[in-house]
Amino acid sequence: MIKKTKVLLKLIRLHQAIKNLFIFMPLFFAGLIMNMELLHFALLAFVSFTCVASAVYIFNDFRDIDEDREHPKKKHRPLASGAVSVSTALIIMVVLLILGIGVMYFISILGLQFLLAYVLINIAYSLALKKLAIIDVCIIAIGFVLRLFIGSVVTNVPLSMWIVAMTFLLALFIALAKRRDDVLIFEETGKQMRTAIKGYNLKFLDASLVIIAAVTIVAYLFYTVSPEITERLHNDYLYISTLFVIMGLLRYLQITFVENNSGSPIQLVLSDGFLQAVIVMWLLYFSWVLY
C-alpha cells in the first residue's frame, strides 16, 4: 500500500507543487501574507492549481512515454516504467482536472480563465510547441507568470510589473538550464531527449544563461530601488537583498556549468544546502523589511 501510494505521488509529481508557491507571491510582496482572509483564498487557489498542474503532468507523461523510456532519469517515471497503467493514469488525470477547475470556479471566474489558459497552453506545448526551440522554454516561463496572475486575482492584490518581469526571467533561466542538461545527455549518449534539442547547443545555452542571469539581477535591483516600492515600504535598504539574489544565481550557474547537474530544479533546491541557505536568508531579510 505504501509503495503504491509513493508511485501515485510520483505520478502526480506532488514535489513539483513547490512551483505553485508563486501563487502566494503577490501577498508576500505586498506585505499581506498574514492576512488570514486573503491567505485563505490563496491556499484554495494553490490547491486548485496543484490539482490541474498534476493533471497536466500526467498528460505530458502520457504523450512522452516513448521518449521518457529512452531518458536515463525519466525512464523511471510511473508511466514510462509501467508502474502505473495508462488507463489508471488517465482516470486520475480527469479527476484532478475536474477537481482543480471546480475549486477555482467557486473562488474566482477571472482566476478560472487564467487556469484554463494554463491548461490550453500546456496542451499546445505537449502536442506541438515543445518541439520548437526557444518557444518551448518561453512557454514554461509563461506558466510561472500565470501562477502570479492567479494569486493576484484571487486575492485582489495588484502585481508590480517588476515582479512579473523577474518571475518570467527566473523561470526562463531555469528552463534554459534544463535544456542544457538535455544537450549534455545528447552529446554523451547520442540520444535526442526532445525534438527541440536540435535548436540548441552548449555555446548558445551558456551565453543565454549568462545574459538572462545578468538581466534578472538588474531587474531585481531596479525593483528594490523603484520609487513606488521604497515609498510604500518606507525603507531604502531593500536593495541589499540583491546580494542574496546574486549568490543564488551564481550558485545555480556553478551547478550548471561546473557540476553539469541542472536537469531537476526542484531536486536541486531540496538537496543543495547553499541554495537553501541563500533562499532562507533572502526570505528573512525581505520579511524583516516588509513586516
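Here, every reference points to the structure presented above.
Q: Lay out the overall build of the protein in plain terms, naming residues and giving numbers.
A: In terms of regular secondary structure, the protein is built from 14 helices and zero strands. Walking the protein from its N terminus toward its C terminus, one meets helices and strands in the order α-α-α-α-α-α-α-α-α-α-α-α-α-α. In terms of overall size, the protein behaves like a compact globule, its C-alpha atoms giving a radius of gyration of 19 Å where 291 residues would be expected to give roughly 19 Å. For the protein, the C-alpha atoms occupy an extent of roughly 55 × 45 × 35 Å along the three principal directions. For the protein, contacts bridging at least 24 residues in sequence account for 70% of all contacts bridging at least 6. Summing over all exposed atoms, the protein offers an accessible surface of approximately 14,400 Å²; the carbon and sulfur share of this is 70%. Within the protein, one finds 24 positive and 18 negative side-chain charges whose respective centroids are separated by 8 Å.

Q: Can you lay out the nonpolar core for me, pointing to particular residues and giving the numbers?
A: Within the largest apolar cluster, 46 residues are counted, with the highest numbers of intra-cluster contacts made by F173, L176, Y200, Y223, W282 and F286. Listing elements by their share of this core, those giving two or more residues are α2 (25-29), α8 (135-155), α9 (161-189), α10 (202-225), α11 (227-233), α12 (242-257) and α14 (273-290). The dominant element in this core, judged by the number of residues it contributes, is α9, at eleven residues. Not counting chain neighbours up to four residues away, the residues in contact with W282 comprise F28, F29, Y220, S241, F244 and V245. Listed in part, the 16 residues of the second largest apolar core include M104, I107, L112 and L146.

Q: How would you sum up the environment of L148? Please name residues and give values.
A: Relative to the helices and strands, L148 is located in helix α8. Its relative accessible area of 0% is what places L148 among the buried residues. Spatially, the C-alpha atom of L148 lies 9.0 Å from that of N20, the residues being 128 residues apart in sequence. The residues touching L148, leaving out its near neighbours within four places in the chain, are F22, M25, P26, L159, I163, V164 and T167.

Q: Explain α8 to me, using residue names and the numbers behind them.
A: Helix length check: α8, at 21 residues, gives a terminal C-alpha distance of 30 Å against a target of 30 Å (1.5 Å per residue), a fit within 8%. Most of α8 is tucked away, with 15 of its 21 residues classed as buried. N156 occupies a position one or two residues after α8 and carries a positive phi of about 60 degrees.

Q: Help me get a handle on the pattern of salt bridges, residues and values and all.
A: As enumerated under the stated definition, the model contains eight salt bridges in all. Across the salt bridge formed by K130 and D64, the nearest N and O atoms sit 2.1 Å from each other. Here the residue K130 occupies a position in the loop between α7 (109-127) and α8, and D64 occupies one in the loop between α3 (36-63) and α4 (65-70), the gap between them amounting to 66 residues. Across this residue pair, the class does not change: K130 and D64 are buried. Notably, a salt bridge pairs D272 with R251, separated by 2.5 Å at the nearest N-O pair. Of this pair, D272 sits in the loop between α13 (265-271) and α14 while R251 is found in helix α12, placing the two residues 21 residues apart along the sequence.

Q: Which residues make up the packing of aromatic side chains, and what values do they have?
A: Per the counting criterion, the structure on display carries 18 aromatic pairs. Each residue in the set F28, F29, Y220, Y223, W282 and F286 is aromatic and connected to the rest through ring pairs, giving one cluster. It is R147 that lies over the ring of F144; its NZ or CZ is 4.7 Å from the centre.

Q: Provide a residue-level description of the side chain of N20, including the pertinent values.
A: Looking at the element boundaries, N20 is found in the loop between α1 (2-11) and α2. By relative accessible area, which is 1% here, N20 ends up buried. Reaching out from N20, the side chain makes a polar contact with the side chain of R147 at a distance of 2.9 Å. With near-sequence residues (within four places) excluded, N20 lies in contact with F46, F49, T50, A53 and R147.

Calculation rules
Residues numbered from 1 in each chain as written. Predicted model: local features only at pLDDT ≥ 70, side-chain atom pairs only at ≥ 80, totals over all residues. Heavy atoms only, no water. Helix = DSSP H or I, 4+ residues; strand = E, 2+ residues; numbered from the N terminus. Rg over C-alpha atoms; globule rule 2.2 N^0.38 Å. Contact = heavy atoms within 4.5 Å. Areas by Shrake-Rupley, 256 points an atom, 1.4 Å probe, with all protein chains shown as cover. Lys, Arg positive; Asp, Glu negative; His and termini not counted. Charge placed at Lys NZ, Arg CZ, Asp CG, Glu CD. Core = buried A, V, L, I, M, F, W, Y, C linked by side-chain atoms within 4.5 Å. Buried < 20%, exposed > 50% of the residue type's maximum accessible area, 1.4 Å probe, protein only. Expected span 1.5 Å × (residues − 1). Salt bridge = Lys/Arg side-chain N within 4 Å of Asp/Glu carboxyl O. Phe/Tyr/Trp six-rings, centres within 6.5 Å; stacked < 30°, edge-to-face > 60°. Lys NZ or Arg CZ within 6 Å of the ring centre and 35° of its normal. Polar contact = N/O pair within 3.5 Å; in protein donor to acceptor, adjacent residues only side chain to side chain.

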